[in-house]
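The residues making up each chain are set out below.
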Amino acid sequence: MPWEKSFEESDVIEQAMNVFWEKGYAATSISDITDATGIKRGSLYNAFDGKHDLFVRALLKYGGDRRTSKLRMLETVDDPREAITMFFDLLVKATLDDPDKKGCLLFNTALEYSSHDDDVKKLVSEGIKEVVTFFEGRIDRGKEIGSIPNSVDTRPTAKALVALVAGIRVLGRGAFGKTALKQVAQQAIDMVS
């Protein structure tokens, strides 16, 4: 009798993503994933090519569901400086509202960058580049319409903003509280004012 899948792959990827997000790739075992998903090990291996494949899919899902959709929404905001302000307001709120202090799957994975293979490194680099590109686009547009000073150097500023994003997401896991996170976010806004 051929093997029949009795679950939705997207649900399993979502559940596995949450485990990876909480524990990190290296600390997550197949048993952690089977416990979280309720799927037997054999079924998991029949549907996915192991832990690495599931992690890659989880990173892709995380990027599409969280990062890309949020950036697309913010690109529709008329005032580019306001879009950057909203980005950091949402970022601080998400960081403070996370009871588990998980941070961001992308930046958590970036912290383990050297221990990952080329596939994962590429996804991390592409994810970070997507955020840099968002900031570059908003800065250039803001300079065009006069809401961001022409003296703001687009590329270095965009990269510095991403560094502040990483700082908020990593330090917001417990080292920085509300006041400190808001201060970092304000520095980001000051960079484009």
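Structural data are supplied above this passage.
Undergrad: Which residues make up the packing of helix H4 (residues 51-75) against helix H7 (residues 118-145), and what values go with them?
TA: Running from N to C, H4 and H7 point in directions that differ by 5°, and their axes come no closer than 10 Å. Judged on the interaxial angle alone, H7 and H4 are roughly parallel. Seen from H4, the contacting residues are His52, Phe55, Val56, Leu59, Leu60, Arg67, Thr68, Leu71, Arg72, Leu74 and Glu75; seen from H7, they are Asp119, Val120, Leu123, Gly127, Glu130, Val131, Phe134 and Arg138. Residue classes in the contact of H4 with H7 are distributed as 10 nonpolar, three polar and six charged.

Undergrad: Kindly report on helix H5 (residues 80-97), identifying the contributing residues and their values.
TA: Compared with an ideal rise of 1.5 Å per residue, which puts 18 residues at 26 Å, H5 spans 25 Å between its outermost C-alpha atoms and is within 8% of the ideal. Burial in H5 covers these residues: Pro80, Ala83, Ile84, Thr85, Phe87, Phe88, Leu91, Val92 and Thr95. Tucked inside the fold, the buried residues of H5 contact H4, H7, helix H8 (154-171) and helix H9 (178-191). One side-chain oxygen at the N-terminal end of H5 lies 2.9 Å from the backbone nitrogen of Arg81; it belongs to Asp79.

About the thresholds
Residues numbered from 1 in each chain as written. Predicted model: local features only at pLDDT ≥ 70, side-chain atom pairs only at ≥ 80, totals over all residues. Heavy atoms only, no water. Axes fitted to C-alpha atoms, helices over the stretch in contact; angles between N-to-C directions. Helix = DSSP H or I, 4+ residues; strand = E, 2+ residues; numbered from the N terminus. Parallel < 35°, antiparallel > 145°, perpendicular 65-115°, else oblique. Contact = heavy atoms within 4.5 Å. Nonpolar A, V, L, I, M, F, W, Y, C, P; charged D, E, K, R; others polar. Expected span 1.5 Å × (residues − 1). Buried < 20%, exposed > 50% of the residue type's maximum accessible area, 1.4 Å probe, protein only. Polar contact = N/O pair within 3.5 Å; in protein donor to acceptor, adjacent residues only side chain to side chain.

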